[in-house]
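What follows is the residue order along each chain.
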Amino acid sequence: MGNWKMHGSLAANADLLAGIKAGAARATGEVALCVPFPYLEQARSALSGSAVTWGAQDVSVHAQGAYTGEVSASMLADLACSWVLCGHSERRAMHGESSDVVAAKAATALAAGLTPVVCVGETLSDREADDVERVIGDQLNPVLALGAEALSRLVIAYEPVWAIGTGRTATPEQAQTVHALIRRSLTEHGAGQVRILYGGSVKASNAASLFAQADIDGALVGGASLVAEEFLNIAAA
Ligand code: PGA
């Protein structure tokens, strides 16, 4: 799954979407793109009828009303989105999204028929303080409380904050350790089959070793999703 973040233009996206669509058959699994809101219609028009699905990077907890600047889950469903990122670390850090708000966003997305991709991850200081398990647990708990049926319809992305956009990928073993922890919590809540993506400086050169880990089911890819060939090489891995 690509996460374009706040990158793109109509002209640049046209090339990127065409390139990814043309090479999508190389993928060994599902391929999806989470694009900025203004480009959802462009993604729909370029990708409809292909194997590549699309989604957004955030969603309002509210259904409709006086919430200037917000975008509702039903609007995303209207644009045929399959996915929406909930609680990306950049939104937690820069927009004050709490884990309760993130879980509420996931519930709103599920109610509209979208698949939320709930992002969790520790900061470098959490890791240095040996606090990873507690931090991930605190982020996951409100989501786990949604119950087994809801959990079976969402995706979790583990993205250590210190690995995002830094070129500093978690080692496959570091990532697997946290994925196993998340898997254990999901299993305890009757949802052991949930897909868990790894994110944080994923590139074609490290994708295969990450995907070889038992509990890593895919990747959430930022920077490398902006170059069709690099993204497709990850998808092929
Ligand atoms: P990155 O971003 O691949 O550029 O590190 C990942 C993400 O933030 O989803």
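It should be emphasised that the depicted structure is a prediction, and the values quoted were computed from it without experimental measurement.

Right, let's get into the site of the ligand. Taken together, 13 residues lie near the ligand, and Lys5, His88, Glu159, Gly165 and Ser201 sit nearest. With respect to the ligand, the side chain of Asn3 contributes an N or O atom lying 3.3 Å from an oxygen atom. Gly165 is positioned such that a nitrogen or oxygen atom in its backbone is 2.7 Å from an oxygen atom of the ligand. Here the shell around the ligand is built from residues that sort into four nonpolar, seven polar and two charged.

On to the state of the cysteines. Enumeration according to the criterion identifies zero disulfides in this entry. Cys81 supplies the cysteine sulfur nearest to Cys34, a cysteine that is in no disulfide, at a spacing of 8.2 Å. Classification of Cys34 as buried rests on a relative accessible area of 0%. Cysteine Cys86 is unpaired, with the sulfur of Cys119 as its nearest cysteine sulfur at 7.8 Å.

If you walk across this open sheet you meet the eight strands as β1-β2-β3-β4-β5-β6-β7-β8, and the pairing is parallel. Each having just a single partner strand, β1 (2-3) and β8 (218-220) make up the two edges of the open sheet. Summarising the sheet, strand β2 (residues 31-34) and strand β3 (residues 52-56) pair through four bridges and their orientation is parallel. Following the sheet pairing, Ala32 is matched in β3 by Thr53. Those strands touched by helix α2 (residues 40-47) are β2 and β3, and its axis lies near 170° from that of β3. Lying over the sheet, helix α9 (residues 172-188) contacts β5 (115-120), β6 (155-158) and β7 (196-199), oriented at roughly 150° with respect to β7.

Parameters and conventions
Residues numbered from 1 in each chain as written. Predicted model: local features only at pLDDT ≥ 70, side-chain atom pairs only at ≥ 80, totals over all residues. Heavy atoms only, no water. Near = heavy atom within 4 Å. Polar contact = N/O pair within 3.5 Å; in protein donor to acceptor, adjacent residues only side chain to side chain. Nonpolar A, V, L, I, M, F, W, Y, C, P; charged D, E, K, R; others polar. Disulfide = S-S within 2.5 Å. Buried < 20%, exposed > 50% of the residue type's maximum accessible area, 1.4 Å probe, protein only. Pairing = 2+ DSSP bridges. Helix = DSSP H or I, 4+ residues; strand = E, 2+ residues; numbered from the N terminus. Contact = heavy atoms within 4.5 Å. Axes fitted to C-alpha atoms, helices over the stretch in contact; angles between N-to-C directions.

Nothing here speaks to function; it is geometry throughout.
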